[in-house]
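Observations on chain architecture
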Amino acid sequence: MIRILFAILFAMPMRVKAQPFDLSAYPVYEGDDLGLTYTSNRSTFRIWAPTAEAAELVLYDRPLGGEDLRRIPLERGRSGTWQISLQGDQKGLYYAFRVRIRSTWSQEVPDPYVKLVGTNGRRGVIGDIRETDPPGWSLDRSPAFGGVSPSPVDAVIYELHVRDASIHPSSGIRGKGKFLGLTETGTRNTSGRSTGLDHLKEFGVTHVHLLPSYDFSSVDESKPEKPQYNWGYDPLNYNAPEGSYSTDPSDGLTRVREFKRLVKAFHDNGLRVVMDVVYNHTMFTETSWFEQLVPGYFYRKRADGSFSDASACGNETASERPMMRRFMLASLKHWVQEYHVDGFRFDLMGIHDIETMNTISKELHAIKPDILLYGEGWTAGSSPLPDSLRALKRNAASLDRIAVFSDDIRDGIKGSVFVHDEKGFASGRVGTEQSIRFGITASTAHPQVDFSKVNYSKAPYAASPEQVISYSECHDNHILRDKLEISARTATPEQRMDMQRLANTIVLTAQGIPFLHAGSEFLRTKKGVENSFNAGDSINAIDWDLKTRNEDTYAFIRALVSMRKRHPAFRMRTAADIASHLKFREDSTAGVIVFEIDGDAVGDEWKEILVAFNGTPASKVIMLPRSGSWRTHIHDNRISSGRIKTPSLTLKPFSAAVLYKAR
Ligand code: CA
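The notes below deal with the structure included here. (Residues numbered from 1 in each chain as written. Predicted model: local features only at pLDDT ≥ 70, side-chain atom pairs only at ≥ 80, totals over all residues. Heavy atoms only, no water.)

Re the environment of Met623
Our working rule: For the purposes of this entry, the term helix denotes a DSSP run of H or I that reaches at least four residues, the term strand denotes a run of E that reaches at least two, and both are numbered from the N terminus. Should any heavy atoms of two residues lie within 4.5 Å, those residues are considered in contact.
Considering the arrangement of structural elements, one finds Met623 in strand β23 (residues 620-623). When the C-alpha atoms of Met623 and Ala165 are compared, they prove to be 44 Å apart, with 458 residues separating the residues in sequence. Not counting residues within four places of it along the chain, the set of residues in contact with Met623 comprises Arg585, Pro647 and Ser648.

Listed below in C-alpha cells is the structure:
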C-alpha cells in the first residue's frame, strides 16, 4: 500500500519545494543487480534513486575530464530504481550518472555500488571483473587457523598499512607502496633478515588486517610521483580497491587484479586477510554519491535538519535504513565472494545499529563460517540513534559473533591514549591491576575482578572471550614505543624495551583475540607523532632494519606468538571456562599480577600454568605453589627453559614469566 501511494506521489510533479520526503515511504529494492551487470553482448545499469524525476547515464572515453560521448536517459524501473541496457560490447568506456530531483540536476557521480572505477574513482569502468582473476584463483582457499574447529580466539591479528609495509628503502621490496609489494617473497632488509610477506609468515600471525584498502579519496591517483600519504579513512568507493596501491589506477581492472594477487599470495603463505572498512561516514557529504542520488536518505540528521556527525568527519551514515543496511551487506559480500577476504574491522562500529551488524554477521558467517568480525565499539561524537540500539562496547554481549576492541586493557597496559605522560601497568603505574585482570579475563564476568577499580568499564561487557580484541596499540595514537618514551621518560632504553616486552606478553597471554600493530615486535617508532594519518613516509614507513637492531625483542615476541598458538590455555572458548580455570593469586604486592591456569582442564599439554607480571621498577620475589616441579618457559622477558629448584622466583623489573608443570 505504501509503495503504491509512493509511486503515485513521485509520478506526479512536485510543486511544494520545501516539503521533505517521508523516508519511511521510500521503496526498498530487493534485487542484487544495482550497479553494472556486464556481458560482452550487453551492459545493464541500475541505480536506486526513488525521488528522482529523471536519470541519465553519461559515457566517456577517459577516467577524468574530456567531453561526454553520449547521454542516455534511464528508464524508470521497479522499487525506486532506474535502468538501461546498452547492446553490444561496451568494454573500456567510463560512466557516471546524474538524476533530476525537483527540477534540479545532480552532479555526475558513479553509483555507490560501482565495482570497477577509473583514476580517483570519479567514473565507473565498463568491463568484465572475471578478467581480473589471477592464475589459480578458482583454487584459492583461505588457510586453516586454530585447528579443526577454529574460534576467533585462535587468531593473532597483525594490523598493517599497505604502503608502510614496503615503502622504506630497507624493505628490499620492489613494488614499493603497492599491493604487489606484499606479494613478493624472498625480500630482505640490509642485513639479510626477511621483510614484507616473508616476515609476516615467519612472525607467525594468522590474520593480517590491512588499513583501508578500498578506494579512498585523499591520495591523488593521477599524481603517482607526488609525495602523498594517507591512512585512508575517507571512503569514496566502497566496492573497489584503492588506486594508488595499484600500478595503474586508470583502467579499473588493474587495481582489482592486484588486490586479488595480494589476497592469493597471503593465502598461499598461510595468512588470512582482514579489511578495515569505514561504512560509518563518507569523505564527502552534500556531494557524496549517496547524497547526490538520494538526498537525505543515507545519513542521519539532527532535529534542525543538519547532518549529524558521530564520526567527527562531517557526517554519519544511517545503517538502520533498509537501503543503507542492504548496501553494507552487499558491499561486504562482494569482498568475501569476489576477493576471498577473511574478515572485517569496522571503523567506529558504535555508529552502526546492532540489528544491521547482526544481520551482516549472520549472512557473512553463512558464506564463510570462520570469518572474523570486530570493530570499534565507540563513536567520535554523539548520534541521534539511541545508544541502546547501536553496536557500542557496552552492548557487546548483544552482538552475534562480532568482537569489540578493549580500550580497558589497552590503556591499562600503557596509560591513557589521551593523557600522553600517563603510565600504565607495564610502565610502572600501580593501581592499574584490576584493569589488567579485566583484560586478562577478556572483559567477561570473573569472581576475582573488582569491576569498580577497572579504568573504564565498571561491569563485564563480554559474554564470551570471542567478543573482545585484546591490544595495547594500533594505528591510532602513539605507537607503543613512542608512548613509553613520552610517559616513562626517566626510564632507561633497556627498561623501556622491557616494558614493551611486558606489554606484548600481557596481550598475548590474555584471553580474547590478540591484536598487534605492525613493527612493534621490533620496536617500530613514529618519531613521537601521535596522529600520523597524513604524516608521510618519513614517519610511517616501517624501517625493516629495526628488526636486526632489536633482534632479541623480535625473537621474544615471535616466541610469544608461537606459545599462544601451541597452548589452548591462553585461548579458552567460554567465559565459564575462564571463571573456573583461571585464578589470580591474591597475595601479590602492588604492581604485580600472578595468575594460574588449570591446563589439564582446558586440554593443554601443560598441566598447570603460572603467569607472572612485574610492572614495577624493582625486582619482586613470588612464592611458587607446590614447588618442586615447575619449569620456566619465559623468565625475565626471555625464553628460558629450565627446572626451578627453589620455592620462589625472582622477577626482574618490568618483566613477565610463564612457568608450567609438565604432564
Ligand atoms: Ca582513491
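What about the sheet that holds strand β18 (residues 468-470)?
By definition, the strands of a sheet pair up through backbone hydrogen bonds, in either a parallel or an antiparallel sense. Put simply, the test is: In short, DSSP must find at least two bridges between two strands for them to pair. Helix axes are fitted only over the stretch in contact, all axes being lines through C-alpha atoms; the angle between N-to-C directions runs from 0 to 180 degrees.
Ordered by their spatial adjacency, 8 strands build a closed barrel running β10-β11-β14-β15-β16-β17-β18-β19, and the pairing between neighbours is parallel. Strand after strand, the sheet turns through a mean of 30° between neighbouring axes, direction not considered. Where strand β15 (residues 343-346) meets strand β16 (residues 372-375), 4 bridges bridge the pair, whose relative direction is parallel. Residue pairing in the sheet places Gly343 in a bridge with Leu372 of β16.

Some points on the pattern of salt bridges
Side-chain pairing between opposite charges can occur once the charged atoms of the two side chains come close. To keep it simple, the criterion reads: Definition used for salt bridges: Asp or Glu carboxyl oxygen within 4 Å of a side-chain nitrogen of Lys or Arg. In this scheme, a residue with accessible area under 20% of its type's maximum is buried, one over 50% is exposed, and one in between is partly exposed, where area comes from a 1.4 Å probe on protein chains only.
Tallying each qualifying case throughout the model produces 49 salt bridges. Between Arg394 and Asp387 there is a salt bridge; the shortest N-O distance is 3.3 Å. Of the charged contacts in the structure, one is a salt bridge between Arg410 and Asp411, with a shortest N-O distance of 2.7 Å. Of the residues examined, Arg410 reaches a relative accessible area of 7% and is grouped as buried. Taking the relative accessible area as the measure of exposure, Asp411 reaches 3% and is therefore buried.

Focus on the nonpolar core
Rule in force here: What is meant by a nonpolar core is a set of buried Ala, Val, Leu, Ile, Met, Phe, Trp, Tyr and Cys residues, joined one to another through side-chain atoms within 4.5 Å.
In terms of nonpolar packing, the biggest core is built from 161 residues, with Leu57, Leu160, Phe259, Phe344, Phe346 and Phe613 touching the most fellow members. With 9 residues, the top contributor of residues to this core is helix α6 (residues 322-339). Not counting chain neighbours up to four residues away, the residues in contact with Phe346 comprise Val277, Tyr279, Leu332, Met357, Ile360, Leu373, Tyr374, Gly375 and Glu376. Counting residues in each nonpolar core, the second largest holds 14 residues, with Val153, Ile157, Val274 and Ile469 among its members.

Description of the state of the cysteines
Keep this limit in mind: When the sulfur atoms of two cysteines come within 2.5 Å, that pair is taken as a disulfide.
Evaluated as defined, the whole model comprises 0 disulfides. Free of any disulfide, Cys313 has its nearest cysteine sulfur in Cys474, 15 Å distant. Using a relative accessible area of 40% as the deciding quantity, one classes Cys313 as partly exposed.

Observations concerning the sheet that holds strand β2 (residues 42-48)
Spatial ordering of the open sheet is given by β1-β2-β6-β5, a layout of 4 strands whose pairing is antiparallel. On the outer flanks of this sheet lie β1 (35-38) and β5 (75-76), each paired with one strand and no other. Relative to strand β6 (residues 81-87), β5 is paired through 2 bridges, and the arrangement is antiparallel. Opposite Arg76, over in β6, you have Trp82 as the bridge partner.

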